[in-house]
Amino acid sequence: MITFEDLKRELAINYGDRDINLVIKAFHFATEAHRGQLRRTGEDYIYHALATAYNLALMKMDLPTIAAGLLHDVPEDTDFTFDDIKKNFGSEVYTLVKGVTKLGHLKYRGLERYAENLRKMFLAMSQDLRVIIIKLADRRHNMETLDGVREEKRLRIAQETLEIFAPIANRLGMFRMKTELEDLAFPYVYPKEYAWVTGLMKDRLKSETKYIEKIQKETQKMLAKNDIHDAHITGRVKTLYSTYKKLLRKGKDINKIYDLIAVRIIVDDVADCYSILGLIHKRWTPLKGRVKDFIAQPKPNGYQSLHTSVFTDFGKVVEFQIRTKKMDDEAEYGIAAHSQYKEMGMFGKHKKNPRWLQHLVEIQKTITDNAEFIKHVKHDLFANQIFVFTPMGDVVELPEGSTPLDFAYYIHTDVGNQCIGAKINDHMSTLDTALKSGDVVEILTNKSRKYPNPDWIHMVKTGMAKSKIKGQLKK
Ligand code: MN
C-alpha cells in the first residue's frame, strides 16, 4: 500500500526545490472527503487516490496533475462538488478533475454506450492529454486491486484495459504503463494462455539467467578496457503478454524469440551509444537485418535506442539495447517524460496534439454511425503500425495494409484529392499497393483535380482516409 510518506519521498526527489503545498493540501482534502469510505478490497478509499498520485509522481508529472490524481474521485464519490475543488485548488486542478470525472467509468453497456465512451475519451484527450494520463494511473491501480472486484465485473474491466487503455498508453509512448497494464490484465482475460507462457518463461529463464549474467560481466569488462566507465548494464526480461503475442506470431516456438532477455546499456551521452555498438560488433557477430538505429531515426512515438542482436559464445543470440538516460526515461514514460512536450506546452491550453490524436478527433466528428466508428477507431489506433517515409525523410506511421492513398490523405486532404499516381522507392506503383515499413512514398498530384475517385473508398485502409473521401464526395 502506498502511503503519504511514500508520495512525499518521491516528490522530494524530483520536486525538491518546489513548493508542494498544493499536493499536501489536496491530500488532506481528499482524506476528509473520502473519510469512512472503504474499497471492496477493505482498505480506506484514500489509498486508491494515493496510489494514483504516486504513479503520476513516478512519471514526473507536474504538481497540478498529482494534486488532481489525489482528488480525482472526490466530486463523483463524496459530498464535495466541483465548485469546492475550484475554490480550494484553482481552475487548472478543477479542469483536470472535471475531465477525468467526465470520462466516467467506461462501462460496457452495449455498443452505443461503448462508442459514446470512446468519443468522450478522445475529446477529453484532445483538450488536455494530462486527463488521460491521470485516467491511466487510476486504471493501473484498479487493475492491481482487481481481485477485490465482483467476479463478473473482473473480465470486462481487464478486457477494456487490454483493448483500450494499454493501446492508448502505447500510442502515447508510455511503454512501462502499457506493459504493466497488459501484464495485469493478461491472467484475467486469457487464464490458460497465461499459465502456458508463465511455464515456458520459467524454464527458459532458469537456463538463461546465468548465461546473461556472464554476458553482462563480459560487456562491463570490455567497456572498462575502452575507457567507458559510467555505463549502467542490466538484463531486461521480456514482459509476459508481449511474449505471448510474439509466440503467436512465431508459431508458438519460444526458441524463435531472440529478445526474450535483452541486455540494456544506459550511458550519459549519444556518442558513447555508437562507440559501444561498435565494440559489441567487434566482439560478437551481429545478425543480419537486426541492427536498428532508432536514435538517428526515432519511432514516431519518440522512442530512441540502438538495437542489435549478436551471436555470442555458444552460438546463442542476445539482443543489446543501447541508449542514454534521457532516452531511457522517455522510452519508459513516453509523453509524460518528454521535457520537449512540457516546454512546448503540450499539456494545457496551447498544446499541439500528436497527429494520430487529431485524426481520431476528426473521425469522431465525421463518422456518426457508432458501429462504423468503433471499427475505425480499433483499426486506426490499435492495428499493427508500419513506418514509411516522405521523400524528405519524414516518418509517417500508418496501420498495416495501408496504401499510397492512405499516405496521401494522411499528408493532407488536398494531396489525397489531387493524387494521380504514386512512386514507392522510386518505382511507379498502383494506388492500392500495400505499403511496407521503410518504403519511401512519393505522391504525384495534379493541381487541377478537386475530388477523389469514388472507387478509392475500396482502396484505402484507414478510417481517416475513408471519412475524408466520403466527406469530399458529398460535396
Ligand atoms: Mn479512481
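Keep in mind that what you see is a predicted model, and the values were worked out from it rather than measured. (Residues numbered from 1 in each chain as written. Predicted model: local features only at pLDDT ≥ 70, side-chain atom pairs only at ≥ 80, totals over all residues. Heavy atoms only, no water.)

Draft legend 1. Representation of the coordination of the manganese ion in the model. Donor atoms from the polypeptide that bind the manganese ion are H48 (NE2), H72 (NE2), D73 (OD) and D138 (OD), placed at 2.2 to 2.3 Å. When the donor residues of the manganese ion are listed from N- to C-terminus, their spacing reads H-x23-H-D-x64-D. One end of the pair, H72, is in the loop between α4 (63-71) and α5 (74-77); the other, D138, is in helix α8 (residues 129-144), with 66 residues separating them in the sequence. Residue H72 shares its accessibility class with D138, and that shared class is buried. (Donors = N, O, S within 2.8 Å, 3.2 Å for Na, K, Ca; no water. Helix = DSSP H or I, 4+ residues; strand = E, 2+ residues; numbered from the N terminus. Buried < 20%, exposed > 50% of the residue type's maximum accessible area, 1.4 Å probe, protein only.)

Draft legend 2. Focus on the nonpolar core. Membership of the largest hydrophobic core comes to 87 residues, with the highest contact counts inside it found for L7, I66 and L71. The residues touching I66, leaving out its near neighbours within four places in the chain, are L7, L11, Y15, V23, A53, L56, A57 and M61. Within the second largest apolar cluster, 25 residues are counted, among which are Y211, I212, I265 and V310. (Core = buried A, V, L, I, M, F, W, Y, C linked by side-chain atoms within 4.5 Å. Contact = heavy atoms within 4.5 Å.)

Draft legend 3. View of helix α9 (residues 151-171). Between the first and last C-alpha of α9 there are 30 Å, a value that for 21 residues agrees with the 30 Å anticipated at 1.5 Å per step. Of all the bends in α9, the greatest measures close to 40° and is centred on T161. By the burial criterion, the buried members of α9 are I157, A158, E160, T161, L162, I164, F165, A166, P167, I168, A169 and R171. Remark: G173 follows α9 within two positions and exhibits a positive phi of approximately 75°. (Expected span 1.5 Å × (residues − 1). Bend = angle between axes of the 7 residues up to and from the residue.)

Draft legend 4. Here's a closer look at the domain arrangement of the chain. Each assigned domain of the chain is listed here: domain 1 (4-188), domain 2 (191-334) and domain 3 (355-474). A separation of 34 Å is found between the C-alpha centroids of domain 2 and domain 3. Contact with domain 2, which involves four residues of that partner, is made by five residues of domain 3. Among the residues domain 2 hides against domain 3, the three largest losses belong to Q297, K299 and P300. Together they make up 85% of the total. Between domain 2 and domain 3 we count zero salt bridges in total. Linking domain 2 to domain 3 there are zero residue pairs in polar contact (both at pLDDT 80 or more). The residue makeup of the side of domain 2 that touches domain 3, split by class, is two nonpolar, one polar and one charged. (Domains from an automatic or database assignment. Buried area = accessible area lost by both parts, 1.4 Å probe. Salt bridge = Lys/Arg side-chain N within 4 Å of Asp/Glu carboxyl O. Polar contact = N/O pair within 3.5 Å; in protein donor to acceptor, adjacent residues only side chain to side chain. Nonpolar A, V, L, I, M, F, W, Y, C, P; charged D, E, K, R; others polar.)

Draft legend 5. Structural view of the sheet that holds strand β11 (residues 441-445). Read from one edge to the other, the open sheet built from three strands follows the order β10-β9-β11, with strand pairing classed as antiparallel. Of all the strands in the sheet, the pair left with one neighbour each is β10 (427-429) and β11. The mean inter-strand angle of the sheet, taken between neighbouring strand axes irrespective of direction, is 35°. Lying on the sheet, helix α18 (residues 404-411) is in contact with β9 (419-424) and β11; it crosses β11 at an angle near 75°. (Pairing = 2+ DSSP bridges. Axes fitted to C-alpha atoms, helices over the stretch in contact; angles between N-to-C directions.)

Draft legend 6. Molecular detail of unusual backbone geometry. In the Ramachandran plot, D227 falls in the positive-phi region, its phi being about 65° despite a non-glycine side chain. If you trace the backbone, D227 turns up in the loop between α11 (191-225) and β1 (232-237).

Draft legend 7. Representation of the packing of aromatic side chains within the structure. Evaluation of the coordinates by the stated rule reveals twelve aromatic pairs. On the basis of an interplanar angle of 20° and a centroid distance of 5.8 Å, the ring pair of W284 and F320 is categorised as stacked. With W284 in the loop between α13 (270-283) and β3 (285-286) and F320 in strand β6 (residues 317-324), this residue pair connects regions lying 36 residues apart in the sequence. Here the aromatic residues F186, Y190, Y194, Y241 and Y244 are joined through ring pairs into a cluster of three or more. Cation over ring: K98 sits above F82, and NZ or CZ is 5.2 Å from the ring centre. (Phe/Tyr/Trp six-rings, centres within 6.5 Å; stacked < 30°, edge-to-face > 60°. Lys NZ or Arg CZ within 6 Å of the ring centre and 35° of its normal.)

Draft legend 8. Spatial organisation of the environment of T101. As for its position among the elements, T101 is in helix α6 (residues 82-103). With sequence-adjacent residues up to four places away left out, T101 is seen in contact with H72, P75, E76 and F82. In terms of polar contacts, T101 uses its side chain to reach the backbone carbonyl oxygen of V97, at 2.7 Å.

Draft legend 9. Local environment of helix α20 (residues 463-474). End to end, α20 covers 16 Å across twelve residues, agreeing with the expected 16 Å (1.5 Å per residue, within 8%). Among all positions in α20, only G463, M464, A465, S467, K468, I469 and Q472 are buried.

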